[in-house]
Amino acid sequence: MMRRLETIIEMVGSYHPEDNLDLIGKAYVFTAKAHRGQVRRSGQPYLSHPMEVGGILADMKMDAITVTAGLLHDTVEDASIQIKELREIFGTHVADIVEGLTKISQIEFGSHQKRQAENFRKMVLAMAKDIRVIIVKLADRLHNMRTLEYLSPEKQRRIARETLDIYAPIADRLGIGWVKNELDDISLSYLDPQAYQEIAAHVASNFAAREEYIAKVTKIVSDELAKEGVPATISGRPKHFYSIYRKMHDQQISFDQVYDIVALRLITDEVKHCYASLGLIHSLWTPIPGRFKDFIAIPKSNLYRSLHTTVIGPEGKRVEFQIRTEEMHSIAENGIAAHWRYKQGSPADESIDPKFTWLRHLIEWQQDLKDPQEFLDTVKIDLFPDEVYVFTPRGEVKAFPRGATPIDFAYAVHTEIGNHCVGCKLNGRMVPLKSELKNGEIVEILTSSRHVPSKDWLKIVKTSRAKAKIRAWIKKEQKDRSIAFGWELCERELHRCGLSPAQTLKGKQGVELAKRFGFLTLDDLMGAIGYGKVSAKQVAAKLLAERAAEQPAGQENGQAEIAPKPQPAAAKKLGAPGGVKLDGIDNVFIRFARCCNPVPGDSIVGFITRGRGVTVHVHDCPTLLDEGVETERRVEVEWVQETSGERRPMKICAVTEDRTGILSEICSAISASQANITQANVATTEDNRAFHEFSVEITDLPHLRRVLDAIRKVKGVEWVERARTRPTRSRRALRSYLNRRQIKA
């Protein structure tokens, strides 16, 4: 049943009586006209959706501007209304919120993952301008989840997963607990319907007994509080289904083993009575160690404040208590919306914003991490804040996700402290930097100006801020190395051509040269040379051409013609017959990696090595995979089409039966395939097998395959493959092979 306009206006008037309620009525009329004739998948008029979104925003106790934006949120995208028209009729603030929501929805990408990641980045930017954008987006998502049954199963699962990964955690971060819980539960019902139904059935079957137990515990506590003169109201509720599901899944237990299904909420009038109630409950029943949390003294980052404790209650059952004041309860239910105080569309309470430091951090991270997917993956860590609280040496409290390390702490204090962090003291005791922080610890960071971040830190830090700052430093360091390498290549090429780097590249001349190649500075040009995007030969050729144009009659004026010096024999040119080329650029120093010995026909990749040009590897070379080579230093290379039959060294390993003459037969097979053997080694095993390792010269990948096929046809050959120069992979394969044969025997 669609929400009624009168109900929404009445709700907003109950908590914002001085607000411009006429704006909501005007938005209703406008929206009804804009969506006239449109129908949702459910068969209901489309108007039902914006009305439900407006009603949910009223449930959140949002102001009239936000509710108005909720009613209008689809008019631009689905009804071809212009933002300019909304701005003229409803004002700047309403139009800006709708525009922010429209920008999130309109962007299109080739894959769902990219679309989801970029949508989230857009959402963060919109939140930075006006956080009401994300509140309307949450209301929109909540109603869509409530009507998800009308979509295909594939879309149901995709939207439910996105909701569980992004929207529910954001609702939690904003402190809107009831929205977070409902999004969690609906998502679970589509992602794991069997588990959802089982939990629902268990909860329903125990309803009567649970209500009776809640009433019993409530009476005991109420009577004791009345004796002490502590005013309080107590209500009981079962935990929401997703919370039970997570506990069952994480602890690998059944529903019957989830003891604290019941949570009692005790609401009193002031903070001192919260602690008095806690003491009384602990005097009645035994508290469970490790289950007490004081979020009043140390609030969560979403402003949540409450005391949590779990006790062994009557009949030996676990009971969780949440103790808070009325104000704390309002914040726990509606989060930032409980703080909302708008006067003529502008936030009056500016003190709220600094509390949401995580939102400011999101803005920083989206600037540092240019790849949308990397940004989303990084931020997901901070959207699930299972937090620990630690202290600075001065007693300041800082919150971190569980599993955070001293390096996370260092970067939270200041980027430079993180970059130069060398050690840490926890409670005055030296610990490794990979140690996990625990609640209540005092953290002291030791620094050294000579120390710099390590790539290994990325494996142990947990916070998005630390990851972003470490990556930023590594990228800067890589850029500096590439610039130095580019200078080295460029100076070498200029000397080869008889040009002076000091005179040619100095001052404005160097800047002008960079601009002619499309770069702002000379360092940018050198970095491009270092990365292999521009060839040093191209730079030298342009300088020579310009000099020739300036002095066309150079020899007549007594000047000698500038002729390039011979290229050193040790330097191999990309693009030479039998070689490879890099984006059509030649004269960049290259070498073939000895760890994988690529041959024509292999899928290859280039890796820029400082001072050694480009090294060509097979794309799945274990050296690159094992060492986690930075993708920024990889370059696309390809084999030259015209080859001259140049032979490349290659190693081949084979396992055979140990019999007389088999080595000779294999050598004959290799020779018959027009491959030259330069070395052969044979070792025998105790179970009458032989391991052969041949060094051969071949021309390309098809030639290698012919050689391997010829060896396989020799009687007694059990296994043969191409080997690396470093034979670790082949020897591991041999050991594995022999072990399997021995087990079968």
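The rules behind these values
- Residues numbered from 1 in each chain as written.
- Predicted model: local features only at pLDDT ≥ 70, side-chain atom pairs only at ≥ 80, totals over all residues.
- Heavy atoms only, no water.
- Pairing = 2+ DSSP bridges.
- Helix = DSSP H or I, 4+ residues; strand = E, 2+ residues; numbered from the N terminus.
- Axes fitted to C-alpha atoms, helices over the stretch in contact; angles between N-to-C directions.
- Contact = heavy atoms within 4.5 Å.
- Phe/Tyr/Trp six-rings, centres within 6.5 Å; stacked < 30°, edge-to-face > 60°.
- Buried < 20%, exposed > 50% of the residue type's maximum accessible area, 1.4 Å probe, protein only.
- Lys NZ or Arg CZ within 6 Å of the ring centre and 35° of its normal.
- Polar contact = N/O pair within 3.5 Å; in protein donor to acceptor, adjacent residues only side chain to side chain.
- Nonpolar A, V, L, I, M, F, W, Y, C, P; charged D, E, K, R; others polar.
- Salt bridge = Lys/Arg side-chain N within 4 Å of Asp/Glu carboxyl O.

Moving on, we get to the sheet that holds strand β22 (residues 689–698). Ordered by their spatial adjacency, four strands build an open sheet running β21-β22-β20-β23, and the pairing between neighbours is antiparallel. Unpaired on one side and paired on the other, β21 (676–684) and β23 (717–723) mark the two borders of the sheet. Strand-to-strand twist across the sheet, computed as the mean angle between neighbouring axes with direction ignored, equals 20°. Pairing between strand β20 (residues 648–657) and β23: six bridges, direction antiparallel. Within β23, the residue paired with Thr 656 across the bridge is Val 717. Contacting β20, β21, β22 and β23, helix α27 (residues 662–672) runs over the sheet at an angle of about 20° to β22.

On the basis of which strands lie adjacent, the open sheet formed by three strands has the order β12-β11-β13 and antiparallel pairing. Of all strands in the sheet, those with a lone pairing partner are β12 (429–431) and β13 (443–447), marking the two edges. Recorded for the sheet is a direction-independent mean angle of 35° between the axes of neighbouring strands. Sitting on the sheet, helix α19 (residues 406–413) is in contact with β11 (421–426) and β13, with an inclination near 80° to β13.

Applying the stated criterion across every chain, the model contains six aromatic pairs. Here the aromatic rings of Phe 30 and Phe 90 are separated by 5.5 Å at their centres, their planes lie at 90°, and the arrangement is edge-to-face. Placement of Phe 30 in helix α2 (residues 22–34) and of Phe 90 in helix α6 (residues 83–90) is noted, with a sequence separation of 60 residues between them. For the residue pair Phe 30 and Phe 90, the accessibility class agrees, reading buried in each case. With a centroid separation of 6.1 Å and an interplanar angle of 25°, the aromatic rings of Tyr 242 and Tyr 245 are classed as stacked. One end of the pair, Tyr 242, and the other, Tyr 245, are both in helix α14 (residues 241–251), three residues apart, so they sit about a helical turn from each other. There is no split in this pair, since Tyr 242 and Tyr 245 are both buried. One cation-aromatic arrangement involves Lys 317 over Tyr 213; the distance from NZ or CZ to the ring centre is 4.9 Å. One residue, Lys 542, lies across the ring of Phe 517, its end atom 5.5 Å from the ring centre.

As a further point, take the side chain of His 49. With respect to the secondary-structure elements, His 49 resides in helix α3 (residues 48–59). Among the polar contacts made by the side chain of His 49, one reaches the side chain of His 143 at a distance of 2.8 Å. Not counting residues within four places of it along the chain, the set of residues in contact with His 49 comprises Arg 40, His 73, Asp 74, Asp 140, His 143 and Asn 144.

Where helix α11 (residues 177–191) meets α14, the axes come as close as 7 Å, and the angle between the chain directions of the two elements is 65°. Only Phe 241, Tyr 242 and Tyr 245 of α14 make contact with α11, whose side of the interface consists of Asp 184, Asp 185 and Leu 188. The class makeup of the residues in the contact of α11 with α14 is four nonpolar, no polar and two charged.

Turning to helix α24 (residues 522–531), a few remarks are in order. The periodicity of an α-helix, 3.6 residues per turn, causes residues three or four positions apart to be oriented the same way. Burial runs high along α24: eight of the ten residues are buried. Taken together, the buried positions of α24 are Leu 522, Leu 525, Met 526, Gly 527, Ala 528, Ile 529, Gly 530 and Tyr 531. Note on α24: the residue one or two positions beyond its end, Gly 532, has a positive phi of about 90°.

Turning next to the pairing of strand β5 (residues 307–312). A large share of β5 lies buried, amounting to five of its six residues. As paired strands, strand β3 (residues 286–287) and β5 are joined by two bridges and run antiparallel to one another. Counted as the bridge partner of Thr 286 is Ile 312 from β5. Note that strand β4 (residues 293–294) and β5 share two bridges and pair antiparallel. In the sheet register, Asp 294 faces β5, and the bridge partner there is Leu 307. The pairing of β5 with strand β6 (residues 318–325) spans six bridges and is classified as antiparallel. Its bridge partner being in β6, Thr 309 is matched across the sheet by Phe 321. Linking β5 back to β6 in an antiparallel pair, the connection comprises five residues, with Glu 315 at a positive phi of about 65°.

Scanning the model with the defined rule gives 24 salt bridges in all. Across the pair Lys 216 and Glu 315 runs a salt bridge, and its minimum N-O distance is 3.3 Å. Separated by 99 residues along the polypeptide, Lys 216 in helix α13 (residues 207–228) and Glu 315 in the loop between β5 and β6 bring together distant segments of the chain. Note that Glu 488 and Arg 492 form a salt bridge whose closest N and O atoms lie 3.1 Å from each other. One end of the pair is Glu 488 and the other is Arg 492, both in helix α21 (residues 464–496) and four residues apart, which spans about a single turn. Here Glu 488 falls in the partly exposed class, since its relative accessible area comes to 30%. Judged by its relative accessible area of 34%, Arg 492 falls in the partly exposed class. By sharing partners, the salt bridges in this structure join Arg 3, Glu 52 and Asp 59 into a single network.

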